[in-house]
Amino acid sequence: MPTIQAQGKTFVCETGANLRQVLLKNGVRVYNGGANTINCHGFGTCGTCAVAVEGAVSEMGLREKTRLSLPPHTLGQNRRLSCQVKVLGDLKVTKYDGFWGQGDQVVWTAEG
């Protein structure tokens, strides 16, 4: 079972699990500010659950690639929409600032 490190927590999940669901289930703050209330609830259309991920995850699909190609995101930011990511192995997750998680300042890292 893969191990995930996020916001100073370490937990395991099933291979193929949805990253957003796993993070929320384990009390990790996936959203910044008002995005906690105003988000697409995992449909991959709003972009507010964007995180940086280190480790084995699914390839980026068309929906995720399209959303991350639109402002305020750019594909060059190396962010993923946690709602569109399947966990395939051990991960370290980092969240950045900004409503969509698109900023340059770290909000939390794998370690805390």
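What counts and how
Residues numbered from 1 in each chain as written. Predicted model: local features only at pLDDT ≥ 70, side-chain atom pairs only at ≥ 80, totals over all residues. Heavy atoms only, no water. Salt bridge = Lys/Arg side-chain N within 4 Å of Asp/Glu carboxyl O. Helix = DSSP H or I, 4+ residues; strand = E, 2+ residues; numbered from the N terminus. Buried < 20%, exposed > 50% of the residue type's maximum accessible area, 1.4 Å probe, protein only. Pairing = 2+ DSSP bridges. Core = buried A, V, L, I, M, F, W, Y, C linked by side-chain atoms within 4.5 Å.

1. Topic: the pattern of salt bridges
Now for step 1: In the structure shown here, the tally under the stated rule is two salt bridges.
Now for step 2: The shortest N-O distance in the salt bridge between Glu64 and Arg80 comes to 2.8 Å. Placement of the pair is Glu64 in helix α2 (residues 62-68) and Arg80 in strand β4 (residues 80-81), with a sequence separation of 16 residues. Comparing Glu64 with Arg80 shows no difference in burial state: the two are buried.
Now for step 3: Linking Lys92 and Glu111 is a salt bridge whose minimum nitrogen-to-oxygen distance equals 3.9 Å. Here Glu111 lies in the segment after β6 (106-108) and Lys92 lies in strand β5 (residues 87-96), a separation of 19 residues in the sequence.
Now for step 4: Judged by its relative accessible area of 57%, Glu111 is exposed.

2. Considering the pairing of β5
Now for step 1: Counting buried positions over the 10 residues of β5 gives seven, a clear majority of the element.
Now for step 2: Bridging between strand β1 (residues 3-6) and β5 involves two bridges; their strand directions are parallel. Note that in β5 the partner of Gln5 across the bridge is Lys92.
Now for step 3: In the sheet, β5 pairs with β6 via two bridges, with the strands oriented antiparallel. Bridge pairing in β6 links Lys95 to Trp108.

3. With respect to the nonpolar core
Now for step 1: One finds Ile4, Leu19, Leu23, Leu91 and Val93 to be the most contacted residues of the largest nonpolar core, which totals 25 residues.
Now for step 2: At the level of elements, β1, α1 (19-25), β3 (50-57) and β5 are the ones that each hand at least two residues to this core.
Now for step 3: When residues of this core are assigned to their parent elements, the largest contribution, four residues, is made by β3.

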